[in-house]
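Per-entry structural report
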Amino acid sequence: QVQLVESGGGLVQPGGSLRLSCAASGFPFSGYAMSWYRQAPGKERELVASSTRAGGTTKYGDSVKGRFTISRDNTKNTVYLQMNSLKPEDTAVYYCNGRLGYLDYWGQGTQVTVSS
C-alpha cells in the first residue's frame, strides 16, 4: 500500500521558517523523483520543488528560488522541504509527490499559513 505522509505544516509569521517532511512507504522510494507542490485557495496546483532519484538535480518554482530547499534521505524514505523567509503568498496546502514514468503518487497535503 503506497503512502505519502506529510508533516511539519502550521502557522508561521512572515519571515519565519518551516520544514516539511514527507515519509514514503509502499514503493521503491529511491527510484522515484520526488517533488513538492502547493495549492492556494482559488488557484491551480503549482510545482514548488523537485528532486531527481539521487537528489543530484533539483528544480524550483520561480517564486521560491533562493528561499526553499528540497532534500531527500533515501535511507529514511523521506523528502524534506526547508522553507525560509516565508511570505503570506506562500500560504497554501503543500503536497508531496512521487513519480516514475506513469506511476504518480500523492500525499494528503499539509497546510502552511503565513500570517502575522
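Structure report, in brief. (Residues numbered from 1 in each chain as written. Predicted model: local features only at pLDDT ≥ 70, side-chain atom pairs only at ≥ 80, totals over all residues. Heavy atoms only, no water.)

Ordered by their spatial adjacency, 4 strands build an open sheet running S1-S3-S8-S7, and the pairing between neighbours is antiparallel. Looking at the sheet topology across the chains shown, the edges are occupied by strand S1 (3-7) and strand S7 (68-73). Averaged over all adjacent pairs, the angle separating strand axes in this sheet is 15°, with direction ignored. Of the pairings in the sheet, the one linking S7 to strand S8 (residues 78-83) comprises 6 bridges and is antiparallel in character. What sits directly across from isoleucine 70, in S8, is leucine 81. (Pairing = 2+ DSSP bridges. Helix = DSSP H or I, 4+ residues; strand = E, 2+ residues; numbered from the N terminus. Axes fitted to C-alpha atoms, helices over the stretch in contact; angles between N-to-C directions.)

For asparagine 77, which is not a glycine, the phi torsion comes out positive at approximately 55°. Its location among the elements puts asparagine 77 in the loop between S7 and S8. Owing to a relative accessible area of 27%, asparagine 77 belongs among the partly exposed residues under this scheme. In this structure, serine 85 is a non-glycine residue whose phi angle is positive, near 50°. (Buried < 20%, exposed > 50% of the residue type's maximum accessible area, 1.4 Å probe, protein only.)

Further remarks concern the state of the cysteines. Tallied over the full model, the rule gives 1 disulfide. Here cysteine 22 connects covalently by a disulfide to cysteine 96, the sulfurs 2.1 Å from one another. Negative torsions about the S-S bond denote left-handed disulfides, and the value of about -80° found for cysteine 22 with cysteine 96 makes this one left-handed. Taken together, the residues cysteine 22 in strand S3 (residues 18-25) and cysteine 96 in strand S9 (residues 92-100) connect sequence positions 74 residues apart. For the pair formed by cysteine 22 and cysteine 96, the shared burial category is buried. (Disulfide = S-S within 2.5 Å.)

Now for the environment of serine 51. Mapped onto the secondary structure, serine 51 falls in strand S5 (residues 46-51). With relative accessibility at 4%, the residue serine 51 sits in the buried group. If sequence neighbours within four positions are ignored, serine 51 has contacts with Ala33, Met34, Thr57, Thr58, Ile70 and Arg72. (Contact = heavy atoms within 4.5 Å.)

What follows concerns the pairing of strand S4 (residues 33-39). Among the 7 residues that make up S4, 5 are buried, leaving the element largely enclosed by the rest of the structure. Pairing analysis gives 7 bridges linking S4 to S9, with the strands arranged antiparallel. Looking at S9, one finds that tyrosine 37 is bridged to tyrosine 95. With 5 bridges joining them, S4 and S5 adopt antiparallel strand pairing.

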